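A closer look at the structure
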Amino acid sequence: MNWSPTRTLIIGLALIIGVNLVVLAGVFYNRSGPAESTLTLSERELTLDRWRDNKEDSSISLQIAWRALPPEPQTGSETPNNSWRYGWYQGEVEWLNAAKMATLGFTREPENRFASGGTSFGRRLPRDVLLVLENDGAAYQTALARAIKYNSGSKEDARLLEEERNKNSRLFVVDAGLDLAVLRAVYADQRRYAIVRGQIRPSWNATSRDRANDPPKLTGMVSKMNIDRLNVSLELRSVFEGMAEDTSEDAFEQIPPSTKVASASKRRRYAVDISFGQRLEPWITSAARK
Amino acid sequence: MNITNRTEAQKRADDIHTFGEELQRLERDGVLHLDQAQLGAVKAHHQALLGAFGRAFDIDRNTKSRQLSVGMRIASFLGALALAASVFFLFYQFWGWLTTAVQVIILISVTLATFLITLWIEKKDNSGYFAKLAALVSFACFVLNLVMLGQIFNITPSDQALLPWAAFALLLAYTLDLRLLLVAGLLCVIAFVATRVGTWGGMYWLDFGERPENFLPVAIALFFVPQVINHRRFDAFAPAYRIIALLAFFLPVLLMSNWGASSYLPLSPKTVEGIYQTLGFAGTAAAIWYGVNRRLNDVVNTGVTLFVIFLYTKMFDWWWELMPKYLFFLLLGLTAVLLLFVFRRLRSVDAVTANASGE
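Residues numbered from 1 in each chain as written. Chains lettered and ligands numbered in written order. Predicted model: local features only at pLDDT ≥ 70, side-chain atom pairs only at ≥ 80, totals over all residues.

1. Points about the overall build of chain A
This is how it is decided: Here a helix means four or more residues in a row that DSSP labels H or I, a strand means two or more in a row labelled E, and each is numbered from the N terminus. Any residue whose C-beta has 12 or fewer other C-beta atoms within 10 Å is treated as exposed, any with 20 or more as buried, and any in between as partly exposed, C-beta atoms being built from the backbone. For the purpose of contact definition, each residue receives a C-beta atom placed from its backbone, and two residues are in contact when these atoms lie within 7 Å.
Of regular secondary structure, chain A possesses six helices and 11 strands. Taking all 290 residues of chain A together, 36% fall into the buried category. A separation of at least 24 residues holds for 71% of the contacts in chain A among residues at least 6 apart in sequence.

Okay, here's the thing in structure tokens:
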């Protein structure tokens, strides 16, 4: 093995230039041709990223605020008014049942360790899948209808209804699959439905306390979108500059960004067009103040 | 003896100094007396060797020089860390004010520039400290390059970035005889193989750490690399391979011996923990035996350290809750004394064997 400086020079230059060319070619390919989907989102769905709001970082980025509709609460549930706010706690999803989980490759039934005296089920790791995002569609209308239905007239319920009407994100994960063509055939409207890469984590839904004989059933939760932060280029920077965020809710800081639901007081200050390309990677195509 | 790296040259220089001191003692005690011609020939030969080593490897000729070298090494390492951090924060400070094209050009050109500067310094710098510092900064720039391209263009995070990072780190490590970058490269290789093994099982690549068994195949392979590829030319590269491999193997085993649920094995967590506890003790004992047999100090020391960690972890499991604290620590202390006896016994057996073979 002869590591002469000349050989190192050639290999090093080829490596640096080659890898950068491969990355840039991937970006070019993603953005070539017609976009796979294009969504127009407001500040409700795209929040200014506060997590990197510091003096050491001059960039501006937007966080995609997505949600998923949980099952409608059972009668007599202890917290019927709050249980529809999926994005806050990544709970059970209405459409993510055992049959759907099987189509996503989660075929193994939970290992019933309770039967042998155990106290838990086997390991639960997420899988990379395709997620269907619906912007301001039926899922949002359902969430709004539930907010109205469970409004008891209390101050808290009124606030929740107001948030659902004017603040919360209308971007919902409504389906998941492994085949882009199959999903696109079902969700044909490319201006309302975007298909992105994300992760589903298996979970178990207990219906009985006798877990040894009646083990919980396989279900799942949407755990992550692979890309949920969008970089704002210098050309579009002026749209977002000077928009000081509402700091009235201290708790906002504690919410993980991937599950953050828009909560500032003014949530329609801008409209942003996002395109998702051949590799389903998003980028901002235009942005304007409202 | 053909000297191929700095460590060997330094060892030979130390041997020459020790020989000179012992020769003086022997002459003083009247055991040996060399005439002036013989002494002159030996001295001239040694001076020529030391001069050649000094020119080729910048060795330390005395204790003071060695102490200063350690200081230079520490300064070089800290300087590289600080410069890499500076490059990182400098870019973050201003990149929001640059167009996308300028961002990309800066990222690529800074990586290229630091790489070229590294090779230029390597030609000029006999000691190697400045070239090594520049190499670490260059590697940091390459990492920043790909990370920032991912952020600028919203690219899906991928484990494939680990491959060029590994290649670049290993390239610089083998060119400049730089162990720190060898370790960085090996860690990238370990992480890449572990993520690949994980994704073949349907796992998302960033969760690769949740299945510690993913690390085991690559750790075993890395351990035997120095046996397949001769690393004599490189300063302590073979021990670096073996130590990293042992850690990459036994730390996951340690994890699974306490967290059986993380295993792929279709067994109850308690059974898995038992299996990996046994593997931990047997494996580290085997590593010590292998190291003693092959005279590999790095394997022996790493094996002993890991064996003690396994032992103490198990003792903690068994006795921490049951015993008063003074008794628990007394047992730990007695175990350490027992280990000392075992190693003293091993050492005496080794000394007898060495005497018998005339070493």
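2. Overview of the overall build of chain B
Within chain B, the regular secondary structure consists of 13 helices and zero strands. Helices and strands appear in chain B in the N-to-C order α-α-α-α-α-α-α-α-α-α-α-α-α. Taking the principal axes of its C-alpha atoms as reference, chain B extends roughly 80 × 60 × 40 Å. Looking at the 359 residues of chain B, the share that counts as buried comes to 32%. Look at the contacts in chain B between residues 6 or more apart in sequence, and 60% of them connect residues 24 or more apart.

3. Notes on the interface of chain A and chain B
Note the cut-off: Residue type decides the class: Asp, Glu, Lys and Arg count as charged, Ala, Val, Leu, Ile, Met, Phe, Trp, Tyr, Cys and Pro as nonpolar, and the leftover types, Gly among them, as polar.
Every contact between the two is made by 38 residues of chain A and, on the other side, 41 residues of chain B. Contributions of two or more residues to the side of chain A that touches chain B are made by α1 (5–31), β5 (127–135), β7 (193–205), β9 (229–231) and β11 (282–289) of chain A. The leading source of residues in the side of chain A that touches chain B is α1(A), at 12 residues. The residue makeup of the side of chain A that touches chain B, split by class, is 17 nonpolar, 13 polar and eight charged.

4. Section: the sheet that holds strand β1 (residues 37–42) of chain A
Residue and element names in this part refer to chain A. Filter applied, for reference: One requirement defines pairing of two strands: DSSP has to find at least two bridges between them. Only C-alpha atoms enter the line fits that serve as axes; for helices the fit covers just the stretch in contact. Angles between N-to-C directions range over 0 to 180 degrees.
Ordered by their spatial adjacency, three strands build an open sheet running β1-β10-β11, and the pairing between neighbours is antiparallel. The sheet is open, and its two edges are formed by β1 and β11, each paired on a single side. The mean inter-strand angle of the sheet, taken between neighbouring strand axes irrespective of direction, is 20 degrees. Bridge analysis of strand β10 (residues 270–276) against β11 gives seven bridges, and the strand direction is antiparallel. Bridge assignment links Asp-273 to a residue of β11, and that residue is Ser-286.

5. Here we look at the nonpolar core
Condition: The term nonpolar core refers to a set of buried Ala, Val, Leu, Ile, Met, Phe, Trp, Tyr and Cys residues connected through C-beta atoms within 7 Å.
Ranked by size, the top nonpolar core spans 79 residues in total, and within it B:Phe139, B:Ala169, B:Leu172 and B:Leu181 carry the most contacts. When residues of this core are assigned to their parent elements, the largest contribution, 14 residues, is made by helix α5 (residues 129–152) of chain B. Setting aside its immediate chain neighbours within four residues, B:Ala169 contacts B:Phe139, B:Leu181, B:Ala184, B:Gly185 and B:Cys188. Among the nonpolar cores identified, the runner-up in size contains 47 residues, and A:Leu171, A:Ile200, A:Val272 and A:Ile284 belong to it.

6. Some thoughts on the packing of α1(A) against helix α6 (residues 162–176) of chain B
Two numbers describe a pair of packed helices, the interaxial angle and the distance between the axes. Let me state the cut-off plainly: Geometric relationships in this document are graded by angle, where less than 35 degrees denotes roughly parallel, more than 145 denotes roughly antiparallel, 65 to 115 denotes roughly perpendicular, and other angles denote oblique. Should the near helix be turned counterclockwise from the far one by less than a right angle, the crossing is left-handed, whereas a clockwise turn marks it as right-handed.
Contact geometry of α1(A) with α6(B) gives a least axis separation of 11 Å together with a crossing angle of 165 degrees. Our classification of the angle between α1(A) and α6(B) gives roughly antiparallel. Between α1(A) and α6(B) the crossing geometry is left-handed. Residues A:Thr8, A:Ile11, A:Gly12, A:Leu15 and A:Val19 of α1(A) touch α6(B), and the partners they reach there are B:Pro164, B:Ala167, B:Phe168, B:Leu171 and B:Thr175. Broken down by class, the residue content of the contact of α1(A) with α6(B) amounts to seven nonpolar, three polar and no charged.

7. Considering unusual backbone geometry
We note that A:Asp136 has phi near 50 degrees; this positive angle belongs to a residue other than glycine. Within the secondary structure, A:Asp136 sits in the loop between β5 and α3 (138–149). Located in the positive-phi region is B:Asp177, a residue other than glycine, with phi close to 55 degrees. Inspection of the secondary structure assignment puts B:Asp177 in the loop between α6 and α7 (179–200). Since 21 C-beta atoms lie within 10 Å of it, B:Asp177 is described here as buried.

8. Overview of helix α2 (residues 36–57) of chain B
Going by this rule: The length a helix should cover is 1.5 Å for every residue beyond the first.
Here α2(B) spans 31 Å end to end across 22 residues, near enough to the 32 Å set by a 1.5 Å rise per residue. A small share of α2(B) lies buried, amounting to two of its 22 residues.

9. Overview of the sheet that holds strand β2 (residues 46–48) of chain A
Residues and elements named next belong to chain A. Taking strand neighbours across the sheet as the criterion, the three strands line up as β2-β3-β9 in an open arrangement whose pairing is antiparallel. Among the strands making up the open sheet, the edge pair consists of β2 and β9. Across this sheet, the average inter-strand angle for adjacent strands is 35 degrees, counted without regard to direction. Of the strand pairs in this sheet, β2 and strand β3 (residues 61–64) are connected by three bridges, and their pairing is antiparallel. By the bridge assignment for β3, Thr-47 is matched with Gln-63.

10. Notes on α7(B)
The end-to-end C-alpha distance of α7(B), which contains 22 residues, comes to 31 Å, matching closely the 32 Å that a straight helix rising 1.5 Å per residue would cover. Trailing α7(B) by a residue or two, B:Gly202 shows a phi angle of about 90 degrees, which is positive.

11. Quick look at the pairing of β10(A)
Moving residue by residue along a regular strand, the side chains alternate between the two faces of the sheet. Residue and element names in this part refer to chain A. Taken together, the six bridges between β1 and β10 define a ladder with antiparallel strand orientation. Counterpart to Ser-42 in the pairing with β10 is Ala-271. Counted along the chain from β10 to the antiparallel partner β11, the turn is five residues long, and its residue Leu-280 has a positive phi close to 65 degrees.

12. Observations concerning the packing of helix α11 (residues 269–294) of chain B against helix α12 (residues 297–319) of chain B
All names here are of chain B. Their axes nearest at 8 Å, the elements α11 and α12 cross at an angle of 155 degrees. Relative to α12, α11 is oriented roughly antiparallel. Of the two possible hands of crossing, α11 and α12 adopt the one that is left-handed. Listed contacts from α12 to Gln-277, Gly-280, Phe-281, Thr-284, Ala-285, Ala-287, Ile-288, Tyr-290, Gly-291 and Val-292 of α11 are Val-299, Val-300, Gly-303, Val-304, Leu-306, Phe-307, Phe-310 and Lys-314. For the contact of α11 with α12, the class distribution of residues is 12 nonpolar, five polar and one charged.

13. Focus on the environment of B:Arg211
Position of B:Arg211 relative to the elements: it lies in the loop between α7 and α8 (216–223). A C-alpha to C-alpha distance of 39 Å links B:Arg211 and B:Ile105, two positions 106 residues apart in sequence.

14. So, the confidence of the model for chain A
Fine structural detail should not be taken from predicted coordinates in areas where pLDDT scores are low. Residue and element names in this part refer to chain A. Stated formally: On a scale of 0 to 100, pLDDT captures the predictor's confidence in every residue.
With 73% of its residues at a pLDDT of 70 or more, chain A shows a mean pLDDT of 80. Taken together, the stretch residues 77–86 has pLDDT below 50 and engages in 17 contacts with residues farther than four places along the chain or on a different chain. Across residues 246–265, where pLDDT falls below 50, the model places 34 contacts with residues more than four positions away in sequence or in other chains.

15. Points about the confidence of the model for chain B
Here chain B shows a mean pLDDT of 87. Residues at 70 or above account for 97%. In the predicted complex, the global pTM is 0.82; the interface-specific ipTM is 0.82.

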